[in-house]
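# Survey of secondary and tertiary structure
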Amino acid sequence: MNQLSINTTQNVAINFTAASVGTRILSQLLDLLVFIAYAVIVGFLIDYTKIDQVIEKLDPWSIGAIYILIFSPIIFYSLLLESIWEGQTIGKKILKTKVIKIDGYQAGFGDYFVRWLFRLFEILIPNGAIAFLTIVFNKKNQRLGDIAAGTAVISLKNKININHTILQELDDAYVPTYPLVIKLSDNDVRIIKETFELALKTRDYGTLIKLREKVISVTGIKNTSGNDHDFFRTLIKDYNYYTQNM
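Residues numbered from 1 in each chain as written. Predicted model: local features only at pLDDT ≥ 70, side-chain atom pairs only at ≥ 80, totals over all residues. Heavy atoms only, no water.

### Considerations on the pattern of salt bridges
This structure, assessed with the given rule, holds nine salt bridges. The partner of Lys92 in a salt bridge is Glu82, with the nearest N and O atoms 3.1 Å apart. You can see Lys92 sitting in helix H6 (residues 90-95) and its partner Glu82 sitting in helix H5 (residues 77-84), a full ten residues away along the chain. A relative accessible area of 1% places Glu82 in the buried class. Overlapping salt bridges, with partners in common, bring together Arg24, Glu82, Lys92, Arg115 and Asp146 in one network. (Salt bridge = Lys/Arg side-chain N within 4 Å of Asp/Glu carboxyl O. Helix = DSSP H or I, 4+ residues; strand = E, 2+ residues; numbered from the N terminus. Buried < 20%, exposed > 50% of the residue type's maximum accessible area, 1.4 Å probe, protein only.)

### A few points about the pairing of strand E3 (residues 97-101)
Among the five residues of E3, five are classified as buried, and the element is accordingly described as predominantly covered. Of the two faces of E3, the one holding Thr97, Val99 and Lys101 and the one holding Lys98 and Ile100 are both buried throughout.

### Side note on the packing of helix H1 (residues 21-49) against helix H8 (residues 129-137)
Where H1 contacts H8, the axes come no closer than 10 Å and their chain directions differ by 155°. When the axes of H1 and H8 are compared, the pair comes out roughly antiparallel. When you trace H1 past H8, the crossing you get is right-handed. Listed contacts from H8 to Val21, Arg24 and Ile25 of H1 are Phe132, Ile135 and Val136. (Axes fitted to C-alpha atoms, helices over the stretch in contact; angles between N-to-C directions. Parallel < 35°, antiparallel > 145°, perpendicular 65-115°, else oblique. Left-handed = near helix turned anticlockwise from the far one by under 90°. Contact = heavy atoms within 4.5 Å.)

### Things to note about the packing of aromatic side chains
All chains considered together, the criterion is met by eleven aromatic pairs. Where Tyr38 meets Phe71, the ring centres are 6.4 Å apart and the plane angle is 80°; that geometry is what we call edge-to-face. Of this pair, Tyr38 sits in helix H1 while Phe71 is found in the loop between helix H3 (60-70) and helix H4 (72-75), placing the two residues 33 residues apart along the sequence. Assessed through its relative accessible area of 27%, Tyr38 is described here as partly exposed. For Phe71, a relative accessible area of 26% translates into the label partly exposed. (Phe/Tyr/Trp six-rings, centres within 6.5 Å; stacked < 30°, edge-to-face > 60°.)

### Thoughts on a nonpolar patch on the surface
Together, Ile25, Leu26, Leu29, Leu32, Leu33, Ile36, Val40, Phe132, Leu133, Val136 and Phe137 give the surface a local cluster of nonpolar side chains, amounting to about 1000 Å² of exposed area. At the level of secondary structure, the elements contributing two or more residues to the nonpolar patch comprise H1 and H8. Broken down by element, the residue count for the nonpolar patch peaks at seven residues, all from H1. Overall, Leu33 belongs to the exposed group, its relative accessible area being 52%. (Patch = residues over 30% accessible without salt bridge, like charges linked within 9 Å, V, L, I, M, F, W, Y side chains within 5 Å. Areas by Shrake-Rupley, 256 points an atom, 1.4 Å probe, with all protein chains shown as cover.)

### Here's the deal with the side chain of Lys98
For Lys98, the position within the fold is in strand E3. Buried and unpaired, Lys98 has Glu86 as its nearest opposite-charge partner, separated by 4.4 Å. The contacts of Lys98, once residues within four sequence positions are left out, are Glu86, Gly87, Gln88, Gln106, Ala152, Val153, Ile154 and Leu156. (Lys, Arg positive; Asp, Glu negative; His and termini not counted.)

### Remarks on unusual backbone geometry
Located in the positive-phi region is Lys96, a residue other than glycine, with phi close to 60°. Tracing the backbone shows Lys96 in the loop between H6 and E3. Look at Lys96 and you get partly exposed, because its relative accessible area is 46%. A positive phi angle is found at Asn141, which is not glycine, with a value near 55°. Inspection of the secondary structure assignment puts Asn141 in the loop between H8 and helix H9 (144-149).

### Some points on the environment of Leu170
Checked against the element boundaries, Leu170 lands in the loop between helix H10 (159-166) and helix H11 (186-202). Classification of Leu170 by relative accessible area gives partly exposed; the value is 21%. Linking Leu170 and Asp238, residues 68 residues apart in sequence, is a C-alpha distance of 9.3 Å. The residues touching Leu170, leaving out its near neighbours within four places in the chain, are Lys237, Asn240 and Tyr241.

### Description of the packing of H11 against helix H12 (residues 205-219)
Remark: H11 packs on H12, axes separated minimally by 9 Å, with the N-to-C direction vectors making an angle of 155°. Regarding the angle of H11 to H12, the classification is roughly antiparallel. For the pair H11 and H12, the sense of crossing is left-handed. The segment H11 lies against H12, with Ile192, Thr195, Phe196, Ala199 and Leu200 engaging Thr207, Leu208, Leu211 and Val215. When grouped by side-chain class, the residues that make up the contact of H11 with H12 number seven nonpolar, two polar and no charged. (Nonpolar A, V, L, I, M, F, W, Y, C, P; charged D, E, K, R; others polar.)

In short, shape yes, function no, at least from these values alone.
Pasting the structure below:
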């Protein structure tokens, strides 16, 4: 598998394993099984309720609109699930892969939307040939939709290593301060921890300020800890507290 090295906006290098072509194809096939299962169930319901007899009496435009509505879960499948499950579909969850931004942060709806738009002609029209060739010849295993959205698909099978890098021992009597910290992912907290420690070591206080502002804008947390040192120490401990007790 290709190693994907991501340089964050704070110049912290993080290494991920890019999902292989085979893994991405298998993930797509698993999602295809979901499509088939949905189509079979919908077909059975249409046949059972005889609603198709009513639909066929309508004009062609109305018939097309109704069938688009019925099969919209398939049409918008990847967009909806990746937005809800933070970069994963059922196939990606099973194979432990995920869509992330190449700057290391969590992708947003706009990124998933761009990937979905490109999917319409990358995967559906030429039977996936464009996506396959792009992934094979791209160093980061990106398809055109990933390149346009600034995303990549990574393997989460080494996630335990990420957890270990942010692990903190807490006293039994520890009381958390920032419950909104659960909006962050393991990767986010890893980036924060590494950036924080590097900034302290190099006395880069400007980076600490930018990092604090970024965390506050993403999570909605209000800093009640005073200085940045206490804020980030508390933030990391709180994340450990909530994730270890979930």
